[in-house]
Amino acid sequence: MSSEKEKAGPIIELSTVYFYSGSVPRTLALKDCGLEMCQPMPGLICGLYGRQSKQDGFMAAHAYAERNRLEFTVIDFLVRLNCPINPSKMKTENVPDHDFLSLNQVRRQLWEPITFAIEDESEQGSARSNEEVDGKMLLLDSPSLISRFTDTPEYQHLRVVAFDSRPAMCTQTLTIGVVPHRHWAAIEMATCRLNPTTHITLESPLDNQSPNAKASDQPSPHLRPAG
């Protein structure tokens, strides 16, 4: 048992907020509690990444809940990695050896393939003929573009990708971590920080998919983009 623990990779903790009315639910499915972004994020679950982002995000959630006469709770979920975390800025040639990537900690050379992956064909044409497109700026207002990167074959092994963008609950830029649904099994545990008696289940959004399976990718009826 101890040898298995020693072989286990590091853990990334992401945190999400869930808004509700009335009493806190006794049971919540993590797949229905991903952090709502400024646009739908199909195929991904999102959470706040990093101490400062979480602190700012929880303050924004509190303000949002007060404005909309809602309650909220915080859910932390742990993602197990297979590979060590790169302590330095990531180089293009090092990406295959790691399954966590923070776009705030990458070499400039790596931004070219990242930007190329998230641009659409029309954007690529205009970018090459006019001026260079800034991938970071694209992701600020269009976080769903990150799926073009995570779905690219050479990056499909990444279990967690962190980048700066804007959630639906506020206009502030926060660091967001996304886990592609293909890596759902890497989520080992989820707990309700503010309401520890609430049970968080880990059933995969890929199980028993139906034509309505994407409903969890749409904004919660309680969560409207803050004006």
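Structure: above.
The rules we used
Residues numbered from 1 in each chain as written. Predicted model: local features only at pLDDT ≥ 70, side-chain atom pairs only at ≥ 80, totals over all residues. Heavy atoms only, no water. Helix = DSSP H or I, 4+ residues; strand = E, 2+ residues; numbered from the N terminus. Buried < 20%, exposed > 50% of the residue type's maximum accessible area, 1.4 Å probe, protein only. Contact = heavy atoms within 4.5 Å. Areas by Shrake-Rupley, 256 points an atom, 1.4 Å probe, with all protein chains shown as cover. Phe/Tyr/Trp six-rings, centres within 6.5 Å; stacked < 30°, edge-to-face > 60°. Expected span 1.5 Å × (residues − 1). Salt bridge = Lys/Arg side-chain N within 4 Å of Asp/Glu carboxyl O. Pairing = 2+ DSSP bridges.

The next point concerns the overall build of the protein chain. If you tally the helices and strands in the protein chain, you get six helices and nine strands. Counting all 227 residues of the protein chain, 47% fall into the buried class. Put simply, of all contacts in the protein chain between residues at least 6 apart along the chain, 72% involve residues at least 24 apart. Counting every atom, the protein chain has about 12,100 Å² of accessible surface; 48% of that belongs to carbon and sulfur.

Considering the arrangement of structural elements, one finds Asn195 in the loop between strand E8 (187-192) and strand E9 (199-201). Discounting chain neighbours no more than four positions away, the residues touching Asn195 are Val24 and Thr73.

Before going further, it helps to spend a moment on the packing of aromatic side chains. For the structure shown, the criterion picks out five aromatic pairs. Between Tyr49 and Phe100, the aromatic rings sit 5.4 Å apart at their centres with planes inclined by 50°, giving tilted as the arrangement. With Tyr49 in the loop between strand E3 (44-48) and helix H2 (51-67) and Phe100 in strand E5 (residues 100-102), this residue pair connects regions lying 51 residues apart in the sequence. For Phe100, a relative accessible area of 8% gives the class buried. Taken together, the ring pairs connect Phe19, Tyr64 and Phe72 into an aromatic cluster.

Below, the discussion takes up H2. With 17 residues, H2 ought to run about 24 Å at 1.5 Å a step, and its terminal C-alpha atoms sit 25 Å apart, in line with that. Among the residues of H2, those classed as buried are Ser53, Lys54, Asp56, Gly57, Phe58, Ala60, Ala61, Tyr64 and Ala65. At its buried positions, H2 is contacted by strand E1 (11-20), E3, strand E4 (71-80) and strand E7 (174-180). In the stretch just after H2, Arg69 is the one whose phi turns positive, near 55°.

Now for the pattern of salt bridges. This model, assessed by the stated rule, comprises six salt bridges. Among the salt bridges present, the one from Asp76 reaches Arg193, with a minimum N-O distance of 2.9 Å. A residue pair is termed long-range when its members are at least 10 positions apart, and Asp76 in strand E4 and Arg193 in the loop between E8 and E9 qualify at 117 residues. Taking relative accessible area as the criterion, Arg193 reaches 40% and is therefore assigned partly exposed.

Below, the discussion takes up the pairing of E3. The side chains of a regular strand alternate between both faces of the sheet. The buried fraction of E3 amounts to five of the five residues, a majority that puts the element mostly inside the structure. Burial of the side chains of E3 extends over both faces: Leu44, Cys46 and Leu48 are buried on one face and Ile45 and Gly47 on the other. In the sheet, E3 pairs with E7 via five bridges, with the strands oriented antiparallel. Its bridge partner being in E7, Leu44 is matched across the sheet by Pro180.

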